[in-house]
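Here is what each chain is made of, one letter per residue.
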Amino acid sequence: MSLTGLWANSIFSFQGFPNQESNSDIYGSGMGETGIGDLFRRNTGYLNPSLATTINQVYFSTGVVYGYFYYYDDLDNSFRKDGLHFPYFNFTVPLRRHRIGFDFAPMLSGNADVYLFDQSWGDGFEYTEINKIRSYMYKGSFFYAYKHSIVNLGFSLDYYLGHRFQAWTQEFRGASGFINAKYEYNQNFRSPGITVGMNRSFGDLSLGAMYRPGVQMTGDKELVSIHSVFDMGESEFELPHRLGFGLAYRLTDNYRVTSDLQYELWSETTSYDDPQDSYKLGFGVAYEPYWGHDRWYQRIPLRAGGYYRTLPFRVSGNELDELAFTFGFTLPLQSPNNQIDFAVKYMLRGDTGENGYQDRNLLFGISLSGFDFFRSRTRRIEHRDIPEAEFDGFR
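Residues numbered from 1 in each chain as written. Predicted model: local features only at pLDDT ≥ 70, side-chain atom pairs only at ≥ 80, totals over all residues. Heavy atoms only, no water.

Caption draft 1: A look at the overall build of the protein chain. Of the regular secondary structure elements, the protein chain holds 1 helix and 19 strands. For the protein chain, the proportion of its 395 residues judged to be buried stands at 49%. Relative to all contacts within the protein chain whose residues are 6 or more apart in sequence, the contacts with residues 24 or more apart total 64%. Of the accessible surface of the protein chain, which amounts to about 20600 Å², a share of 56% is contributed by carbon and sulfur atoms. (Helix = DSSP H or I, 4+ residues; strand = E, 2+ residues; numbered from the N terminus. Buried < 20%, exposed > 50% of the residue type's maximum accessible area, 1.4 Å probe, protein only. Contact = heavy atoms within 4.5 Å. Areas by Shrake-Rupley, 256 points an atom, 1.4 Å probe, with all protein chains shown as cover.)

Next comes the structure, spelled out in structure tokens:
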């Protein structure tokens with residue numbers, strides 16, 4: 001089938017949730033979306049909740065991602081859509097050895113609008129067929145971490161919210177006796193959950209790990225037509241067990257490498273037809289210059305990386321995977337605790353020969369971090385008693 005119109009963040013959205021947010025911060029996104037075990041920076045990628053121990057002040061972090069989404073099919077057709085989303089918002093509060101905070105981030109998504117124009121119906125009737133899908137999964141978390149000399153520990157109480165909306169429409173032209181057909185299928189999912197994590201540093205090496213038990217999400221589903229609404233009972237979606245391991249190693253005072261491995265046991269779920277376990281392997285390298293350089297461009301930290309990820313569902317009977325390359329840098333502000341991070345990602349998903357389609361994304365991310373509004377500024381002007389000069393002895 002040849003597409004004649006497409007607007008989407010992934011052409012594979014009808015098969016499942018193809019887009020998975022890294023849950024790393026924008027800094028980590030520029031390093032191959034790594035950071036589970038990176039303790040050599042202020043790390044707000046709370047996929048591992050124990051990373052809150054890297055924060056020693058009240059800390060806010062949020063970001064935005066804007067990008068260009070390109071799609072190709074096996075008939076050499078191509079399409080493009082622009083999009084914007086917010087990858088996370090979080091804040092952390094230190095209380096001696098304790099850290100508490102809140103994190104909100106999208107987890108999974110898949111959106112697509114497919115238009116098939118000038119379809120024929122009998123003699124002289126033409127119609128446009130429209131297929132739409134909107135799929136989202138979000139997670140809100142209250143987390144706690146404890147900083148200990150042996151191992152840093154953390155856990156989060158999570159709440160998951162999901163929505164999947166699919167619509168099919170036929171719009172006729174030149175057929176006054178025809179009624180435009182329209183059907184909508186709505187599903188909602190929700191469930192609480194928990195995530196645990198730990199980290200430890202050994203000189204120039206730091207390690208981190210996280211685990212999320214499987215989550216059985218339930219909700220409602222309904223079928224809507226132009227005539228009525230049908231209650232379809234309870235909807236279900238199962239999130240798999242998720243494990244993550246990460247490390248960071250300082251080669252020198254200025255250079256650092258990182259690597260992450262995430263593994264999800266989708267084969268133990270019923271969310272897709274014949275699902276397979278998926279994994280994601282990422283690598284990154286960072287350059288951290290000394291803060292005291294005279295020229296501003298000599299103080300800009302740089303980083304780069306990439307990752308390879310397999311998806312849990314098949315397309316056209318073949319496995320689906322993605323490959324990405326990333327780059328990032330930081331603009332230090334007047335205070336070294338405040339910064340603006342940038343990240344660029346170029347991603348390929350699928351293959352037109354094996355899967356019939358391919359996604360190509362070019363994404364730009366920016367984040368603001370720091371800004372401790374609760375810390376009082378040092379007063380540098382205080383009342384001072386200035387002695388009066390005594391001139392009598394010099395007369």
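Caption draft 2: The arrangement of the pattern of salt bridges in detail. Evaluation of the coordinates by the stated rule reveals 15 salt bridges. Between Glu322 and Arg349 there is a salt bridge whose closest N-O contact spans 2.9 Å. On the criterion of sequence distance, the pair formed by Glu322 in strand E17 (residues 318–332) and Arg349 in strand E18 (residues 339–349) is long-range, its members being 27 residues apart. Per residue, the accessibility class of Glu322 equals that of Arg349, and both read buried. Salt bridges sharing common partners tie together Asp25, Asp38, Arg41 and Arg256. (Salt bridge = Lys/Arg side-chain N within 4 Å of Asp/Glu carboxyl O.)

Caption draft 3: The arrangement of the packing of aromatic side chains in detail. Scanning the model with the defined rule gives 21 aromatic pairs in all. Each ring, one from Phe17 and one from Phe237, has its centre 5.3 Å from the other, and the planes form 70°; the classification is edge-to-face. With Phe17 in the loop between strand E1 (5–8) and strand E2 (19–20) and Phe237 in strand E12 (residues 229–239), this residue pair connects regions lying 220 residues apart in the sequence. Accessibility assignment for this pair places Phe17 and Phe237 in one class, buried. Consider the rings of Trp266 and Tyr272, whose centres lie 5.5 Å apart with planes at 40°: the pair is tilted. You'll find Trp266 and Tyr272 in the same group, each marked buried. Aromatic ring contacts, followed pair by pair, group Phe17, Phe189, Phe237, Trp266, Tyr272 and Phe313 into a single cluster. It is Lys280 that lies over the ring of Tyr307; its NZ or CZ is 4.4 Å from the centre. Just above the ring of Tyr27 sits the side chain of Arg303; from NZ or CZ to the centre is 3.8 Å. (Phe/Tyr/Trp six-rings, centres within 6.5 Å; stacked < 30°, edge-to-face > 60°. Lys NZ or Arg CZ within 6 Å of the ring centre and 35° of its normal.)

Caption draft 4: Quick peek at the pairing of strand E5 (residues 89–95). Here E5 shows a clear split, with Asn90, Thr92 and Pro94 buried on one side and none of Phe89, Phe91, Val93 and Leu95 buried on the other. Sheet topology note: the strand E3 (residues 59–73)/E5 ladder contains 4 bridges and is antiparallel. Directly across from Thr62, in E5, lies its bridge partner Phe89. (Pairing = 2+ DSSP bridges.)

Caption draft 5: Geometry of the nonpolar core. Among the nonpolar cores identified, the biggest contains 28 residues, and Met137, Met217, Phe237 and Leu239 are the most heavily contacted of them. When residues of this core are traced back to their parent elements, those giving at least two are E3, strand E6 (98–121), strand E11 (215–225), E12, strand E16 (302–315) and strand E19 (357–370). In this view, Phe237 contacts Phe17, Met137, Phe189, Val215, Gln216, Met217, Trp266, Ser271 and Tyr272; residues no more than four positions away in its chain are not counted. In terms of nonpolar packing, the next biggest core, distinct from the first, is built from 8 residues, Leu39, Leu51, Ala52 and Ala145 among them. (Core = buried A, V, L, I, M, F, W, Y, C linked by side-chain atoms within 4.5 Å.)

Caption draft 6: Up close: unusual backbone geometry. The phi dihedral of Glu33 falls on the positive side, at around 55°, and the residue is not glycine. Looking at the element boundaries, Glu33 is found in the loop between helix H1 (26–29) and E3. With phi around 55°, Arg96 is a residue other than glycine that occupies positive phi space. Secondary-structure assignment places Arg96 in the loop between E5 and E6. Note on Arg96: relative accessible area 83%, which makes it exposed.

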